[in-house]
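What follows is each chain in one-letter form.
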Amino acid sequence: MQLFYSPTINETLTSFIFDKEESKHIIKVLRKQERDILYVTNGLGFLFKTEIALASDSKCTVNVLSFTKQETPKFHMHLAVAPTKMNERYEWFLEKATEIGIQEITPIICDHSERKVIKMDRYQKIIESAMKQSLHYYLPKLNEPILLKDFLKIELKGQKYIAHCEETNKKSLKSQLLPNEDVTLLIGPEGDFSVKEIEMALNNKYIPISLGETRLRTETAAIVACHSVVFINN
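Residues numbered from 1 in each chain as written. Predicted model: local features only at pLDDT ≥ 70, side-chain atom pairs only at ≥ 80, totals over all residues. Heavy atoms only, no water.

A. Fine view of the overall build of the chain. A tally of helices and strands in the chain yields seven helices and 13 strands. Based on the C-alpha atoms only, the size of the chain along its principal axes is roughly 65 × 35 × 30 Å. Contacts spanning at least 24 positions in sequence make up 73% of the contacts within the chain whose residues lie at least 6 apart. Total accessible area computed for the chain in this model is approximately 12,700 Å², and 49% of it derives from carbon and sulfur atoms. In the chain, 31 positive and 31 negative side-chain charges are present, and the distance between their average locations comes to 2 Å. (Helix = DSSP H or I, 4+ residues; strand = E, 2+ residues; numbered from the N terminus. Contact = heavy atoms within 4.5 Å. Areas by Shrake-Rupley, 256 points an atom, 1.4 Å probe, with all protein chains shown as cover. Lys, Arg positive; Asp, Glu negative; His and termini not counted. Charge placed at Lys NZ, Arg CZ, Asp CG, Glu CD.)

B. Structural context of the packing of aromatic side chains. Here the structure, examined in full by the defined rule, presents seven aromatic pairs. Ring geometry for F46 against F48: centres 5.8 Å apart, planes inclined by 20°, an arrangement best described as stacked. Against the face of F46 rests K69, its NZ or CZ located 5.4 Å from the ring centre. (Phe/Tyr/Trp six-rings, centres within 6.5 Å; stacked < 30°, edge-to-face > 60°. Lys NZ or Arg CZ within 6 Å of the ring centre and 35° of its normal.)

C. Molecular detail of the packing of helix α2 (residues 87-100) against helix α7 (residues 218-233). Between α2 and α7, whose axes approach to 9 Å, the crossing angle comes to 5°. Between α2 and α7, the angle is such that the two are roughly parallel. Two secondary-structure elements touch here, α2 through R89, W92, F93, K96, A97 and I100 and α7 through E219, A222, I223, C226, H227 and V230. Broken down by class, the residue content of the contact of α2 with α7 amounts to eight nonpolar, one polar and three charged. (Axes fitted to C-alpha atoms, helices over the stretch in contact; angles between N-to-C directions. Parallel < 35°, antiparallel > 145°, perpendicular 65-115°, else oblique. Nonpolar A, V, L, I, M, F, W, Y, C, P; charged D, E, K, R; others polar.)

D. The arrangement of the pattern of salt bridges in detail. A full pass over the atoms with the stated rule returns seven salt bridges. In this structure, E219 and R89 form a salt bridge, with 3.1 Å as the shortest nitrogen-oxygen distance. With E219 in helix α7 and R89 in helix α2, the pair connects residues that are 130 residues apart, well separated along the chain. The class for R89 is partly exposed, based on a relative accessible area of 24%. One connected set of salt bridges, linked through shared partners, spans E95, K96 and E99. (Salt bridge = Lys/Arg side-chain N within 4 Å of Asp/Glu carboxyl O. Buried < 20%, exposed > 50% of the residue type's maximum accessible area, 1.4 Å probe, protein only.)

E. Expanded view of the side chain of S228. Tracing the backbone shows S228 in helix α7. With relative accessibility at 19%, the residue S228 sits in the buried group. In this view, S228 contacts L173 and L177; residues no more than four positions away in its chain are not counted.

Structure below.
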């Protein structure tokens, strides 16, 4: 099944018009024709079965035949991950985390961060594309970048962890995770969190955890954490 995405389609509509960019892709690139069936999600858990009524490359129009809604996940996974020095590594993380099943992502700016300029539009497109490719019906929420010290002030429910490389008393993530509970996990930049940042996180009730015996890159650590949470919940 090929999946299309539009945030404006909803369960009250009987017909729907794609925007110009998506219309051109559907008609010119994919060469879809009238009466062809398209499956569309709005990123809110809905899957719409539609039929092309007007095969226009500027305003492809479909009739909504039926829709279903996927069950809301029993847990909410939020990864706060520092942007990597090489932008393509962070983009890889966004793509793979979306495929695995993350619900929320926040880029955090830390003391040792080398990249502080974030291409939010590009990041959003990568997430949308990964959602469609992996046939997810919930679009992960991408938050604006925030300083770690400000992120730590946010009241969050559920389990809260920080993964760091300092030689301190840490427990393995897999031994701490509980199924069907919200999880927030902090992943630092290439130079790791500073000692001051780790202390701030601990003071805000974040539990220090290890992701294994080897030192992982930022994006690898984020994917290991993401997969661990999904695995425990499946």
